[in-house]
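These are the residues of each chain, in order.
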Amino acid sequence: MFKFLKEKLKNAISSITKKVENIPIEEKVQEVIIEKTPEKKEKVVKEKQKKKAEVKEIPEKEIKEKKGFFEKIREKVQTTSINENDFEEIFYDLEVALLENNTAVEVIEKIKRDLKEVLVDKPIERKKIKTIIQDSLRNTIEDLFKVQGVDIIKLTKTKKPLTILFVGVNGSGKTSTIAKVANFLKKNNLTSVLIAADTFRAGSIQQLEEWGSRLNIKVIKHDYGSDPAAVAFDGKKYAEAHKIDVVLIDTAGRQHSNVNLIEEMKKIVRVVKPDLKIFVGESIVGNDAITQSEEFDNAIELDGIILTKSDIDEKGGASLSISYVTKKPIIFLTTGQELKDIEYFDKEKIIKNLGI
Ligand SMILES: Nc1nc2c(ncn2[C@@H]2O[C@H](COP(=O)(O)OP(=O)(O)O)[C@@H](O)[C@H]2O)c(=O)[nH]1
Ligand SMILES: [Mg+2]
């Protein structure tokens, strides 16, 4: 993930650094406070003399000395001041890099605001510019994921069965994600049942049954064309009767323009009252994944998001943006087509992958 974005960010940061280097320098003398213990005293005095020699233009009488445990010395620093216009110009490369990599406009605006805060109309030490930009980006990205997370394993301790509904558009990865989640639960010593509530698309029930037999997990199904709310209801009853930990409900892919299918989804929610309603979206579709999740949220109020196909998403903007824009946590990322290819979303990993 982030193969393109990482490279673009690196280039944008060095281009900003170069542009800042073209802004005129102001030389300033700043005071640095050093602890003066008996052992350090001699060293401090020597350094002070050295600094004084370097900063010849400062008249001796202006150098204030503080008695006691601390000693002030003076240091010459090269600073630059970036004004609003400079900032617009230097932010341009970063903005383009982010846009090209599917980052949502809201997120770009936040990155810009935060960066402006630390860069504009302040004396900036030349040699620290790169670190200032990287620190600011890192802090902004941390902020993007402030929304409260969802810990499925923890939730199973308070709710039995824990009922989870998976929704999304066609082909986003719902059915295979359910299999991965079931496998993940199994590894955590939790039992689950799979519910074939996609009674709409040809082959969907068989697809879930194949996963069920590979995992040795029960699949509850009705016939194609039957009411998905009814099969979901039966599945939940089965889980209650058999003391199964988690109910995983697969559903048909749908778009928000598909009125009948949206009504059908709302009915499933009314009938089984899922504990979690999770949107499964493809990270490769970028901003479309955000729009889709907002539409599903409007229809049934989502609790979280799973982003699929992050293994083939070289841009990664959707995973940076979706949580901030929708205010929903990303619970898992899926990273391939095998059962094992699912991982808890980890913002530290995102920051590391971005190389900042
Ligand atoms: N590379 C990759 N492919 C995935 C991932 N998740 C799902 N797929 C593939 O996407 C296609 C559609 O998945 P499916 O689960 O049938 O989607 P559904 O229509 O939403 O149920 C299948 O070919 C999956 O193998 C993933 O994380 N990485
Ligand atoms: Mg499916």
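Within each chain, residues carry numbers counting from 1 in the order of the written sequence. To read the labels, note that chains go from A and ligands from 1, taken in the order they are written. Residues qualify for local features only when their pLDDT is at least 70, as the model is predicted, and side-chain atom pairs are given and counted only at 80 or more; totals for whole chains, interfaces and linings, by contrast, use all residues. Calculation of side-chain values draws on the structure's entire complement of heavy atoms; hydrogens and water are dropped beforehand.

Enquirer: Break down the side chain of Ser136 for me, citing the residues and quoting the values.
Expert: Numbering of helices and strands runs from the N terminus, with a helix taken as a DSSP run of H or I at least four residues long and a strand as a DSSP run of E at least two residues long. Among the secondary structure elements, Ser136 is positioned in helix H5 (residues 129-144). Remark: exposure states derive from per-residue accessible area (1.4 Å probe, protein chains only) relative to the maximum for the residue type, with buried under 20%, exposed over 50%, and partly exposed in between. Judged by relative accessible area, which is 7%, Ser136 ranks as buried. We call two residues in contact when some of their heavy atoms are within 4.5 Å. Among all residues touching Ser136, those that are not within four sequence positions of it are Asp114, Leu115 and Val118.

Enquirer: Just give me the short version of the pairing of strand E4 (residues 162-167), but keep the residues and values in it.
Expert: Each regular strand displays side chains that alternate between the two surfaces of the sheet. Of all 6 residues in E4, 6 are buried; the element is thus mostly enclosed. Taking every second residue as pointing to the same face, both faces of E4 are buried, with Leu162, Ile164 and Phe166 on one and Thr163, Leu165 and Val167 on the other. When E4 meets strand E7 (residues 246-251), the two strands line up parallel, connected through 4 bridges. Note that in E7 the partner of Leu162 across the bridge is Val246. DSSP calls a pair of strands paired once it identifies at least 2 bridges connecting them. The pairing of E4 with strand E8 (residues 276-282) spans 4 bridges and is classified as parallel. Bridged to Phe166 within E8 is Ile278.

Enquirer: Go over the environment of Val107 with me, naming the residues and quoting the values.
Expert: Residue position: Val107 is located in helix H4 (residues 105-119). Along the primary structure Val107 and Leu320 are separated by 213 residues, whereas in three dimensions their C-alpha atoms are 8.0 Å apart. When near neighbours in sequence (up to four residues on either side) are disregarded, Val107 contacts Leu144, Leu320, Ser321 and Tyr324.

Enquirer: Which residues make up the site of ligand 1, and what are the values?
Expert: Whether a residue is near a molecule or strand depends on its heavy atoms: it is near if one of them lies within 4 Å of it. Around ligand 1 sit 14 residues, and of these Lys174, Thr175, Ser176, Thr334 and Gln337 come closest. By the criterion applied in these results, polar contacts are pairs of N or O atoms within 3.5 Å in which, for protein atoms, one can donate a hydrogen and the other can accept it, and in which residues neighboring in sequence qualify only through two side-chain atoms. Backbone polar atom of Lys309 to an oxygen atom of ligand 1: 3.0 Å apart, as the coordinates give it. All accessibility values rest on the Shrake-Rupley procedure with a 1.4 Å probe; residue burial counts only the protein chains present in the view. Within the complex, the protein chains bury 81% of what would otherwise be the 590 Å² of accessible surface of ligand 1.

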